[in-house]
There are 2 protein chains.
Amino acid sequence: MTTTHPAGFLAAGVPAGLKSSGARDLALVVNQGPTYDSATVFTANRCKANPVLWSQEVVKDGVVRAVVLNSGGANCYTGPEGFQTTHAVAEQVAGHLGIGAIDVVVCSTGLIGLANPRENLLAGVDAAHAALAADGGQDAAEAIMTTDSVSKTVVVEGAGWSIGGMAKGAGMLAPALATMLVVLTTDAVVPAAELDQALRAATRLTFDRLDSDGCMSTNDTVTVMASGASGITPSPDDFTAALTQACSDLAMQLLKDAEGADHEIAITVLHAVSESEAVEVARSVARSNLFKAAIFGNDPNWGRVLASIGTTEAEFDPADLDVAMNGVWVCRNSTPAEDPAGVDLKPREVSVTIDLKAGTERATVWTNDLTHAYVHENSAYSS
Amino acid sequence: MTTTHPAGFLAAGVPAGLKSSGARDLALVVNQGPTYDSATVFTANRCKANPVLWSQEVVKDGVVRAVVLNSGGANCYTGPEGFQTTHAVAEQVAGHLGIGAIDVVVCSTGLIGLANPRENLLAGVDAAHAALAADGGQDAAEAIMTTDSVSKTVVVEGAGWSIGGMAKGAGMLAPALATMLVVLTTDAVVPAAELDQALRAATRLTFDRLDSDGCMSTNDTVTVMASGASGITPSPDDFTAALTQACSDLAMQLLKDAEGADHEIAITVLHAVSESEAVEVARSVARSNLFKAAIFGNDPNWGRVLASIGTTEAEFDPADLDVAMNGVWVCRNSTPAEDPAGVDLKPREVSVTIDLKAGTERATVWTNDLTHAYVHENSAYSS
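The notes below deal with the structure included here. (Residues numbered from 1 in each chain as written. Chains lettered and ligands numbered in written order. Predicted model: local features only at pLDDT ≥ 70, side-chain atom pairs only at ≥ 80, totals over all residues. Heavy atoms only, no water.)

1. Thoughts on the overall build of chain A
And step 1. Within chain A, the regular secondary structure consists of 10 helices and 15 strands.
And step 2. For 383 residues, the compact-globule estimate of 2.2 N^0.38 gives 21 Å, and chain A sits close to it at 22 Å.
And step 3. Taking the principal axes of its C-alpha atoms as reference, chain A extends roughly 70 × 50 × 35 Å.
And step 4. Classification of the 383 residues of chain A by burial places 62% in the buried group.
And step 5. Expressed as a percentage of contacts within chain A between residues at least 6 apart in sequence, the contacts between residues at least 24 apart total 81%.
And step 6. Of the roughly 12,500 Å² of accessible surface on chain A, a fraction of 51% belongs to carbon and sulfur atoms.
And step 7. In chain A, the 22 positive side-chain charges and the 45 negative ones have mean positions that sit 3 Å from each other. (Helix = DSSP H or I, 4+ residues; strand = E, 2+ residues; numbered from the N terminus. Rg over C-alpha atoms; globule rule 2.2 N^0.38 Å. Buried < 20%, exposed > 50% of the residue type's maximum accessible area, 1.4 Å probe, protein only. Contact = heavy atoms within 4.5 Å. Areas by Shrake-Rupley, 256 points an atom, 1.4 Å probe, with all protein chains shown as cover. Lys, Arg positive; Asp, Glu negative; His and termini not counted. Charge placed at Lys NZ, Arg CZ, Asp CG, Glu CD.)

Structure (structure tokens):
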């Protein structure tokens, strides 16, 4: 039941006529309290969509009572009128719920530069409000799908409390920059400041480590709302662990549904001097088109891995690097080692392990391969 | 006659058995003086090939008397034995010419992690020395081709002196990281320090602004040698202008021969606060797979341009950006402007113009589109 699994939440997903298919395209998730604590992280892109500009103001006081989301248009770079549309949608939700618009987060996804039809959105909000239900989470999860082939939901159980969630996004590989939208709910009692710490800790290790194609969306939003309806206050460590588990689960669902991808690739860097350097090295490999195309071709091309590592500022000795692919150490001490013919790249899941031999820290970044289908998806359709 | 156009140079290109096709694969360019001034720039990749490690030492004193180049193997990450091979090749050249090996630059290109057969290389050097000729420049240019579909050469005439050059590299789009190797010659009298300044000024605006796929080679080398044989000392400005012209000509030849590319894309950023910020913004767009795939699909998707700009640290107002594609201002003040349907992306040459409205500086970066052929070239062949 996703976002409606924890106590204190209602949700709905309805068709508002934004998707030409007539499928559900507007979702509403409402926190019924008794608490309204929240935390949100947004895209780091400086070119932000109107719903992000609006929601950044909404979340400042740590109180969010509802999240309204639409697919079918990103409402990004649509000018003052686009911002007014976002505001009108928040007001419409607030009017139905008897709350202030400033407590309503708005998320949109779709083509940049395309205005969303305001009347459709407002009528959609009316329909969604009428459809709000304690088991509406699945409908909401379906309403935010764009090029996703499956809806993405999660439930993590705590001791007398739980976390629910939904996500959309086909990796970052889909047309139109594949906005990643995530709504998480919990009936635990968690004050906003603590929720913020937990969310940042969780996203740092999960969504922030997904790097399907290096392209950063203008609309990404991850919101968590705590209703406190269970009456239980978990320890910060327990809650952070559960939230990280929920985010990790959703992140892997995004990775596996990446459009056009043939492989999920985990790039793990060992023995870096810092976690951030481990991430930097792993990300450089994750963004190498030559490496990603080689994996698509089932070619264990470790030369392209080394060449990517060499573009970073991380601490390591270029003459003393080890690289394994699917557990076969094809490169030791920066020279050829085990036979690359022993690396079977046919399975979807691929692991690349890089030993920098410089420190004690490690990190993993997940990416996909570069395929004909990726080029097709992102060139053949206007998006 | 390329590198042998200026007075004082001999060159040769011979088959040494490194290419399975039996084509020419070893080139030698010799400066006969009377001066031996030189300057060289290398890849910024920290993972450098053995010939780069060797040649970095060679160029330190500003004296280079010969450049020997081979295709068919990058000699990168081949361990101490690979370095010894590079050294042996330099010694072989030096022995024939009666000079020191420390004045011989060595360049290699091909697969990383593959040792070059030393005997073939040494026999190739013997054959190349025997074939050295005052009109050998074209043979040399052909011997350094790998996936290049045409040889790349240039001649720029000064007042009584000239510059010649050859280059290899299929953009950076070819298999095996597409090493870019460039040898430039001049019969002008130019002291090494001045040559170094001129080369850095020229490459900064030309080869450094090519960014076909964001992947940095382990072997890139650009060397210029001045024989002084014309007896003429041009002004530093005149020489730098001519060298920049020669580098620009070769860079555009590389761009146009980029494997798998359907479009050459010039991304120009106007009104940045600094040239480096203009380059940063242009490069971010040049590295967006989503933007590059859109151009392949003839889709004037300016949303993907804005989303890339937003990932940079450059100074600009996200709400006040203008973007033109092939001269059509599809985005003004960060809102839709002229109809994108008026942008004809069928011709190979595409221009994207971004007005940051923040300062007075500008820069252009050149890239290619992301195509099925790119994925094919870089996945279907082990390389």
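We are not done yet, so read on.
2. Points about the relation of the copies chain B and chain A
And step 1. Take chain B, turn it by 180°, move it 0.0 Å along the axis, and it overlays chain A with an RMSD of 0.0 Å. Each copy turns onto its partner about a two-fold axis. Among all residues of chain B, the minimum C-alpha distance to the rotation axis is found for H372 of chain B, at 2.8 Å.
And step 2. Of the interface residues in chain B, 100% have counterparts in chain A that sit at the interface too, so the contact is made through matching surfaces. (Least-squares fit on C-alpha atoms with pLDDT ≥ 70 in both.)

3. A word on the pairing of strand β6 (residues 152–157) of chain B
If a strand is regular, its side chains alternate between the two faces of the sheet.
Residue and element names in this part refer to chain B.
And step 1. Only one face of β6 is buried: it carries K152, V154 and V156, and the other face, with T153, V155 and E157, is open.
And step 2. Inspection of the sheet shows β6 paired to strand β7 (residues 162–168) by six bridges, in the antiparallel sense. Directly across from V155, in β7, lies its bridge partner G164. (Pairing = 2+ DSSP bridges.)

4. A word on the sheet that holds strand β2 (residues 26–31) of chain A
All names here are of chain A.
And step 1. An order of β1-β2-β4-β5 is seen for the four strands of this open sheet, with the pairing classed as mixed. Strand pairing shows two members of the sheet lacking a second neighbour, β1 (9–14) and β5 (104–108), which therefore form its edges. Adjacent strand axes in the sheet meet at a mean angle of 10°, parallel and antiparallel pairs treated alike.
And step 2. Looking at chain direction, β2 and strand β4 (residues 66–70) are connected through five bridges and run antiparallel. Along β4, the bridge assignment pairs V29 with V67.
And step 3. Along the sheet, helix α3 (residues 118–131) contacts β1, β2 and β4; its crossing angle with β1, the most-contacted strand, is approximately 130°. (Axes fitted to C-alpha atoms, helices over the stretch in contact; angles between N-to-C directions.)

5. As for the pattern of salt bridges
And step 1. Scanning the entire structure with this criterion turns up 28 salt bridges over all chains.
And step 2. Residues D211 of chain A and R283 of chain A are paired through a salt bridge, measuring 2.9 Å at the closest nitrogen-oxygen approach. With a gap of 72 residues between them, D211 of chain A in the loop between α5 (192–205) and β9 (221–226) and R283 of chain A in helix α7 (residues 275–286) connect regions that are remote in the sequence.
And step 3. R283 of chain A sits in the partly exposed class, given a relative accessible area of 22%.
And step 4. For R332 of chain B, the salt bridge is made with D322 of chain B, and the minimal N-O distance between the two is 3.2 Å. Separated by 10 residues along the polypeptide, R332 of chain B in strand β12 (residues 328–332) and D322 of chain B in strand β11 (residues 322–325) bring together distant segments of the chain.
And step 5. A relative accessible area of 33% places R332 of chain B in the partly exposed class. (Salt bridge = Lys/Arg side-chain N within 4 Å of Asp/Glu carboxyl O.)

6. Side note on the interface of chain B and chain A
And step 1. Taken together, the contacts link 53 residues of chain B with 53 residues of chain A.
And step 2. Roughly 4,100 Å² of surface becomes buried between chain B and chain A when both sides are summed, with 60% attributable to carbon and sulfur atoms.
And step 3. In terms of surface lost to chain A, no three residues of chain B exceed R46, Y77 and L290 of chain B, which account for 18% of the buried area on that side.
And step 4. Here chain B is connected to chain A by zero salt bridges.
And step 5. Summed over the shared surface of chain B and chain A, the result is 14 residue pairs in polar contact (both at pLDDT 80 or more). (Buried area = accessible area lost by both parts, 1.4 Å probe. Polar contact = N/O pair within 3.5 Å; in protein donor to acceptor, adjacent residues only side chain to side chain.)

7. Side note on the packing of helix α10 (residues 372–379) of chain A against helix α8 (residues 289–296) of chain B
And step 1. Closest axis-to-axis distance for the α10 of chain A/α8 of chain B pair is 8 Å, and the angle between their directions is 70°. In this view, α10 of chain A runs roughly perpendicular relative to α8 of chain B, as classed from their interaxial angle. Counted together, Y374, V375, N378 and S379 of chain A of α10 of chain A and N289, L290, A293, A294 and F296 of chain B of α8 of chain B form the full contact between these two elements.
And step 2. Of the residues in the contact of α10 of chain A with α8 of chain B, the class split is six nonpolar, three polar and no charged. (Parallel < 35°, antiparallel > 145°, perpendicular 65-115°, else oblique. Nonpolar A, V, L, I, M, F, W, Y, C, P; charged D, E, K, R; others polar.)

8. Side note on the environment of D339 of chain A
Residues and elements named next belong to chain A.
And step 1. Tracing the chain through its elements places D339 in the loop between β13 (335–336) and β14 (349–355).
And step 2. Separated by 39 residues in the primary sequence, D339 and P300 have C-alpha atoms spaced 10.0 Å apart.
And step 3. Here A341 takes part through its backbone nitrogen, which lies 2.9 Å from a polar atom of the side chain of D339.

Remember, this is a structural readout, not a statement about activity or role.
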